[in-house]
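So the chains spell out like this:
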Amino acid sequence: MAALGTGALGAQEACFQGSVDYDGPCYFDAPRWVGEFASLSANGLLGALTGGLSRYLDGGSFRDGFVEGALGGSIVYAGKRTAAESFAGAGFIGRSVAAVGASSVRNVSRGDPLFSRLTFPLGPLWVEFDTPTREVSARLDPVALGWMAYGISEPELELDWGGSFSDGTPVFKTHNKVLKLGGDTIHVAGVTNAGIVYSADVPAYGPGHARRHRAHEQVHVIQEDQLAIMWTDPLGRWAMGRTARLRRLRSGLAVNLSTEILRLLGHAVPEHGDRPWEVESVFFAR
């Protein structure tokens, strides 16, 4: 087990409160509205470019895809902002709102009406609602299922039922132990893989740390939903459609490679704290 020293906790508290009067890293010394605007702009632009370029490559209007995609990306931002709040159910509500935004970007990308089909990831299942017909269907996310099975099988982890229902995703917790990455070299408070959360429950860290950590990982959950719904699932379904043996699986499987994409992108930004998705999660968890 590892514990934070008093000095480290004090520095962390000062950083999250917006003070930089200490020797230590602090990402945010600007007014909060600047960070909110940056996240709104980044999510809006990601949705806009995804929608615009996809529509253009399919022979449609880049402008229409760009504008509608920006709206979808802005809804994703609203979901992240909600999920980072501390009231019960904030994670579930925020994740659902963000899923509507990501689904909208995907719909726009293929030339469909903005809210024509909505996808809601819930653990290893993706529940889908077809708005025109009001039909509900579900697809299995094999990657999330694998990470959930790992959490169940790992003796050091236990499923947090209350946290899972509140956050809208399976949350596994340790008992007074931190998590280890990269063998035994890196200790972390939490990890999110394909929307499945592993969390270090260390009471010595204090309630403030626990609150920020929950918000931090919940934003990561939504980031992975965002990438999976907007990018990896549409591309995966297209690829499966090119092979006769896989074509029949498209209706029942979700292609979630979001964790792998973030790991690949991480090689381009070696410093963990400088990665845009980490900066966004830290900001929302202030």
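Please refer to the structure higher up on the page.
Residues numbered from 1 in each chain as written. Predicted model: local features only at pLDDT ≥ 70, side-chain atom pairs only at ≥ 80, totals over all residues. Heavy atoms only, no water.

Q: Which residues make up the overall build of the protein chain, and what values go with them?
A: The helix and strand inventory of the protein chain stands at 10 helices and nine strands. For the protein chain, the exposed surface amounts to about 14400 Å²; the carbon and sulfur share of it is 64%. (Helix = DSSP H or I, 4+ residues; strand = E, 2+ residues; numbered from the N terminus. Areas by Shrake-Rupley, 256 points an atom, 1.4 Å probe, with all protein chains shown as cover.)

Q: Account for the sheet that holds strand β8 (residues 190-193), with residues named and values stated.
A: The strands making up a sheet associate through hydrogen bonds between their backbones, and the pairing can be parallel or antiparallel. One open sheet accounts for four strands, arranged β4-β5-β9-β8; its pairing is mixed. This sheet does not close on itself; its edge strands, each paired only once, are β4 (158-159) and β8. Looking at chain direction, β8 and strand β9 (residues 196-199) are connected through four bridges and run antiparallel. Bridge pairing links G190 to S199 in β9. (Pairing = 2+ DSSP bridges.)

Q: Quick rundown of the pattern of salt bridges? Include the residues and the values.
A: Across all of its chains, the model carries 15 salt bridges by this definition. Its salt-bridge partner being E68, residue R55 comes within 3.4 Å of it at the nearest N-O pair. Of the two residues, R55 is situated in helix α2 (residues 32-57) and E68 in helix α3 (residues 62-83); the sequence distance between them amounts to 13 residues. Judged by relative accessible area, which is 31%, E68 ranks as partly exposed. E280 is paired through a salt bridge with K80; the nearest N and O atoms lie 2.9 Å apart. With a gap of 200 residues between them, E280 in helix α10 (residues 276-284) and K80 in helix α3 connect regions that are remote in the sequence. Both residues of the pair, E280 and K80, count as buried. Salt bridges sharing partners connect three or more residues here, namely R117, E128, D130, R139 and D233. (Salt bridge = Lys/Arg side-chain N within 4 Å of Asp/Glu carboxyl O. Buried < 20%, exposed > 50% of the residue type's maximum accessible area, 1.4 Å probe, protein only.)

Q: Requested: an account of α2, with residues and values cited.
A: Taking 1.5 Å as the rise per residue, α2 with 26 residues should run 38 Å; its terminal C-alpha atoms sit 38 Å apart, in good agreement. Within the sequence span of α2, burial applies to G35, E36, S39, N43, G44, G47, A48, T50, G51, G52 and R55. Residues of α2 that are buried make contact with α3, α4 (90-109), α7 (207-241) and α10. (Expected span 1.5 Å × (residues − 1). Contact = heavy atoms within 4.5 Å.)

Q: So, the packing of aromatic side chains: which residues are in play, and what are the values?
A: Under the criterion given, the structure shown has eight aromatic pairs. Taking the centre distance of 5.6 Å and the plane angle of 35° together, the rings of F62 and F66 count as tilted. Of the two residues, F62 and F66 are both situated in helix α3; the distance of four residues between them amounts to about one turn of the helix. The exposure class of F62 is partly exposed, given its relative accessible area of 32%. Note on F66: relative accessible area 29%, which makes it partly exposed. When the ring of W147 is compared with that of Y198, the centres are 6.3 Å apart and the planes differ by 65°; the resulting orientation is edge-to-face. (Phe/Tyr/Trp six-rings, centres within 6.5 Å; stacked < 30°, edge-to-face > 60°.)

Q: With reference to specific residues and values, describe the side chain of E36.
A: By the secondary structure assignment, E36 is in helix α2. Taking relative accessible area as the criterion, E36 reaches 14% and is therefore assigned buried. Contacts of E36, omitting those with residues within four sequence positions, involve Y77, R81, F283 and F284.

Q: Tell me what's going on with the packing of α4 against α7, and back it up with residues and numbers.
A: A pair of packed helices is characterised by two quantities: the angle between their axes and the separation of those axes. For the pair α4 and α7, interaxial distance at closest approach is 9 Å and the crossing angle is 20°. By the criterion of interaxial angle, the relationship of α4 to α7 is roughly parallel. When the axes of α4 and α7 are compared, the crossing they make is right-handed. Taking contact as the criterion, the partners of G91, G94, R95, A98, A99, A102, S103, V105 and R106 in α4 are, on α7, R214, Q218, V221, I222, D225, Q226, I229, M230 and P234. Residue composition of the contact of α4 with α7, grouped by class: nine nonpolar, five polar and four charged. (Axes fitted to C-alpha atoms, helices over the stretch in contact; angles between N-to-C directions. Parallel < 35°, antiparallel > 145°, perpendicular 65-115°, else oblique. Left-handed = near helix turned anticlockwise from the far one by under 90°. Nonpolar A, V, L, I, M, F, W, Y, C, P; charged D, E, K, R; others polar.)

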